[in-house]
Amino acid sequence: MFSYRHAFHAGNHADVLKHTVLIAALERLLEKEAPLTVVDTHAGAGLYRLDGDYAGTSGEAAQGVLRLLNPSNDTQPAAKKPAVPEEPAPALARYLELVRSFNRAGQARVYPGSPFITQHLLREQDKLKLYELHPTDARTLDANIAQLEAGRQVAVLREDGFGSATKFLPPPSRRALVLTDPSYELKTDYARTAAFVAEALKRFATGVYTVWYPIIPRPEAHELPRRLKTLATKAGKPWLHATLTVKSSKIAATPDGQGKRPGLPASGMFLINPPFTLAEQLRPALAQMAVWLAQDRNAGFTLEHGG
Ligand code: SAM
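All values derive from a computational prediction rather than experimental measurement.

Asks: Before we go on, may I ask you to explain the overall build of the chain in this structure?
Replies: Each helix and strand in the chain was counted, giving 10 helices and 10 strands. In the chain, which comprises 307 residues, the share counted as buried stands at 45%. For the chain, long-range pairs separated by at least 24 residues make up 79% of all intrachain contacts whose partners lie at least 6 apart in sequence.

And the structure:
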């Protein structure tokens, strides 16, 4: 069984990138009245504690969303903090506002994952399909969603997101956004992601497909955005590719000669059929993330689009 638990990583720099892009894309799509279906193929537990054991052990949120929120329960010494963003760009401001809405004023104890971010934005006419395979996270997700009393608007499926999520495509309104955010714990997740998007595009060529992936020294990770770009280009569809790097990927030397792995240094979001104007909105937000989430001089961002 999988050992990956998103609770260790919730609110890290990768979540800041992923969720800022997700919110910006959803908000553009929700400008139209027609119903939208969102399919989240790898949903996680839905809600996470930023002041709990998991987040405390990893310290990843402290280097991610907590740097931007600067809450009163943040334990980082003031001297170590980077300059707190005075005026976040609109896309980043929307993300921070949404995270704040899950917390009491001045605090950041709860972090909403993609299911709760999406559900928060959806209107009555929209639908959300959530896939989660880990038994514990699926149970937690079910319980968290049940509290919303969202009725038939939200469905939790304890199934393989790669296996059957395409059955919802195209939805009756022919408007859908699909988020594919596996843990990539299995090397095969890279190929399965590409195959899933290929199949989804075949069934529903005008859906909005969003894929998060880690940028790590592994051939499959470098290959995935290239494969997605080829898929989009062959289908004649526009695409957008945003990446955020916060530190070097080099293994640091240690006195015992073993070397220390740096943790996740960078990640990317690849979109096929991105909403119009998304690139313009993301550029200033990405530039701020690269400064405010930097852990060393290698921090930076890229933003490309085409088609
Ligand atoms: N999308 C979530 C968010 O942004 O808050 C985080 C998801 S986490 C990166 C990936 C999740 O996928 C984990 O909770 C893992 O248990 C689950 N998972 C792994 N393989 C899966 C599969 N084949 N189908 C559905 N869920 C799976």
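Asks: How do you make sense of unusual backbone geometry when you look at a structure like this?
Replies: Excluding glycine, a negative phi dihedral is what most residues carry, and trans is how most peptide bonds are arranged. Here Leu-169 and Pro-170 are connected by a cis peptide whose omega angle stands at -10°. In this structure, Pro-170 sits in the loop between helix 7 (161–164) and strand 6 (176–180). Here Arg-174, not a glycine, exhibits a phi torsion of approximately 60°, which is positive. Here Arg-174 is to be found in the loop between helix 7 and strand 6.

Asks: Looking at this model, I keep getting lost on the UniProt feature "active site" (unreviewed entry) in the chain. Mind explaining?
Replies: Listed under "active site" (unreviewed entry) in the UniProt record, and renumbered for this structure, are Asp-181. Within the secondary structure, Asp-181 sits in the loop between strand 6 and helix 8 (188–203).

Asks: Explanation requested: helix 1 (residues 13–29) in the structure shown.
Replies: Each turn of an α-helix holds 3.6 residues, which means side chains three or four residues apart point in the same direction. Given a rise of 1.5 Å per residue, 17 residues ought to cover 24 Å, and the 25 Å separating the end C-alpha atoms of helix 1 matches this to within 8%. Within helix 1, 14 of the 17 residues are buried, leaving the element largely enclosed by the surrounding structure.

Asks: How do you make sense of the packing of helix 8 against helix 9 (residues 219–235) when you look at a structure like this?
Replies: Packed helix pairs are characterised by how far apart their axes lie and by the angle those axes make with each other. Two elements in contact, helix 8 and helix 9, have axes whose closest approach is 9 Å; the angle formed by their N-to-C orientations is 10°. Here helix 9 runs roughly parallel to helix 8, going by the angle between their axes. Along its contact with helix 8, which presents Tyr-190, Thr-193, Ala-194, Val-197, Ala-198 and Leu-201, the element helix 9 presents Glu-220, Ala-221, Glu-223, Leu-224, Arg-227, Leu-228, Leu-231 and Ala-235. Grouping the amino acids of the contact of helix 8 with helix 9 by side-chain chemistry returns 10 nonpolar, one polar and three charged.

Asks: What am I meant to see in the pairing of strand 7 (residues 208–214) here?
Replies: For a regular strand, side-chain orientation follows a simple rule: the groups alternate between the two sheet faces. Along strand 7, six of the seven residues are buried, which leaves the element largely enclosed by surrounding structure. By the bridge criterion, four bridges tie strand 6 to strand 7 in an arrangement that is parallel. Bridged to Leu-177 within strand 7 is Val-208. Note: strand 7 against strand 9 (residues 266–272), six bridges, orientation antiparallel. Looking across to strand 9, one finds that Thr-210 is bridged to Leu-271.

Asks: I would appreciate a short explanation of the UniProt feature "site: Interaction with substrate rRNA" (unreviewed entry) in the chain in the present structure.
Replies: The residues that UniProt annotates with the feature "site: Interaction with substrate rRNA" (unreviewed entry) are Tyr-4. The residue Tyr-4 is located in the segment before helix 1 in this model. Note on Tyr-4: 16 C-beta atoms within 10 Å, which makes it partly exposed. Excluding residues that lie within four positions of it along the chain, Tyr-4 makes contacts with Ser-183 and Glu-185.

Asks: Any chance you could explain the nonpolar core here in plain terms?
Replies: For soluble globular proteins, the rule of thumb is that nonpolar side chains tend to be buried together. Ala-25, Leu-177, Val-197, Tyr-209, Leu-228, Leu-271 and Met-289 are the most contacted members of the largest nonpolar core, which totals 86 residues. If sequence neighbours within four positions are ignored, Tyr-209 has contacts with Val-178, Val-197, Ala-200, Leu-201, Leu-271, Ile-272 and Asn-273.

Asks: Explain the packing of helix 1 against helix 4 (residues 90–100) to me, please; I cannot follow it from the model alone.
Replies: Direction vectors running N to C along helix 1 and helix 4 enclose 100°, while the axes themselves pass 9 Å from each other. Taken together, the axes of helix 1 and helix 4 lie roughly perpendicular to each other. In this structure, helix 1 contributes His-19, Thr-20, Ile-23, Ala-24 and Glu-27 to the contact, and helix 4 contributes Ala-91, Leu-92, Arg-94, Tyr-95 and Leu-98. Among the residues forming the contact of helix 1 with helix 4, the class breakdown is six nonpolar, two polar and two charged.

Asks: What is the right way to look at the environment of Gln-125 in this model?
Replies: Note on placement: Gln-125 falls in the loop between helix 5 (114–121) and strand 4 (127–131). Exposure remark for Gln-125: the 11 C-beta atoms within 10 Å place this residue in the exposed category. Along the backbone, Gln-125 and Pro-35 are 90 residues apart, and their C-alpha atoms lie at a distance of 5.2 Å.

Asks: I tried to follow the sheet that holds strand 9 on my own but got confused; where do I start?
Replies: The strands that make up a sheet pair up through hydrogen bonds in the backbone, lying either parallel or antiparallel. One open sheet accounts for eight strands, arranged 5-4-1-6-7-9-8-10; its pairing is mixed. Looking along the sheet, the strands with just one partner apiece sit at the ends: strand 5 (154–157) and strand 10 (300–306). This sheet shows a mean twist of 10° between the axes of neighbouring strands, independent of strand direction. For strand 1 (residues 37–40) and strand 6, the ladder comprises four bridges, and the chain directions are parallel. Each residue of the ladder has a partner; that of Val-38, found in strand 6, is Leu-177. In the packing of helix 6 (residues 135–146) onto the sheet, contacts are made with strand 4 and strand 5, and the angle to strand 5 comes to roughly 165°.

How each quantity is defined
- Residues numbered from 1 in each chain as written.
- Predicted model: local features only at pLDDT ≥ 70, side-chain atom pairs only at ≥ 80, totals over all residues.
- Helix = DSSP H or I, 4+ residues; strand = E, 2+ residues; numbered from the N terminus.
- Buried ≥ 20, exposed ≤ 12 C-beta atoms within 10 Å, placed from the backbone.
- Contact = placed C-beta atoms within 7 Å.
- UniProt positions renumbered as here; feature names shortened; annotations may be inferred.
- Expected span 1.5 Å × (residues − 1).
- Axes fitted to C-alpha atoms, helices over the stretch in contact; angles between N-to-C directions.
- Parallel < 35°, antiparallel > 145°, perpendicular 65-115°, else oblique.
- Nonpolar A, V, L, I, M, F, W, Y, C, P; charged D, E, K, R; others polar.
- Pairing = 2+ DSSP bridges.
- Core = buried A, V, L, I, M, F, W, Y, C linked by C-beta atoms within 7 Å.

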